[in-house]
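A look at the structure
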Amino acid sequence: MNCKDVTHLLSEAQDRQLTLAERMSLEMHLVICKGCANFKKQMNFLRKACRGYADRVAADAVRKE
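What comes next is a walk through the structure.

About the criteria used
Residues numbered from 1 in each chain as written. Predicted model: local features only at pLDDT ≥ 70, side-chain atom pairs only at ≥ 80, totals over all residues. Heavy atoms only, no water. Buried < 20%, exposed > 50% of the residue type's maximum accessible area, 1.4 Å probe, protein only. Helix = DSSP H or I, 4+ residues; strand = E, 2+ residues; numbered from the N terminus. Arc of directions from axis to C-beta. Contact = heavy atoms within 4.5 Å. Polar contact = N/O pair within 3.5 Å; in protein donor to acceptor, adjacent residues only side chain to side chain.

1. Focus: helix α1 (residues 3–13)
The set of residues buried in α1 consists of Val-6, Leu-9 and Leu-10. Buried residues in α1, looked at end-on, bunch into an arc of 100 degrees, giving them a common side. Buried positions along α1 lie against α2 (20–32) and α3 (34–64). Where α1 begins, one side-chain oxygen reaches toward the backbone nitrogen of Lys-4, 3.1 Å away; that side chain belongs to Asn-2.

2. With respect to the side chain of His-29
Structurally, the position occupied by His-29 is in helix α2. In this structure His-29 comes out as buried when scored by relative accessible area, which is 9%. Those residues in contact with His-29 that sit more than four places away from it in its chain are Met-1, Asn-2, Cys-3, Val-6 and Cys-36.

3. What to know about the environment of Met-24
With respect to the secondary-structure elements, Met-24 resides in helix α2. Note: C-alpha distance between Met-24 and Lys-41 (17 residues apart in sequence) is 18 Å.

Structure representation (C-alpha cells):
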C-alpha cells in the first residue's frame, strides 16, 4: 500500500466502515509512515473541529428560538 492509497482510505473511513483487510493494511502502513500517520491525526483534528463548530452553531440556533 502506498501513501496515495492510504490517504484515499483515510478519507473513505470518514464515510464508511473499512473492511478488515483495508484496516489491517492501513494500520501497517501507518506504523511505518510518519507522514501518513500525521495526515491521519490532522484529519481527525479537522473532523472534531468541524463537529464542534456545527454543534455550537446548532446550539446557538436553538437559543435564539
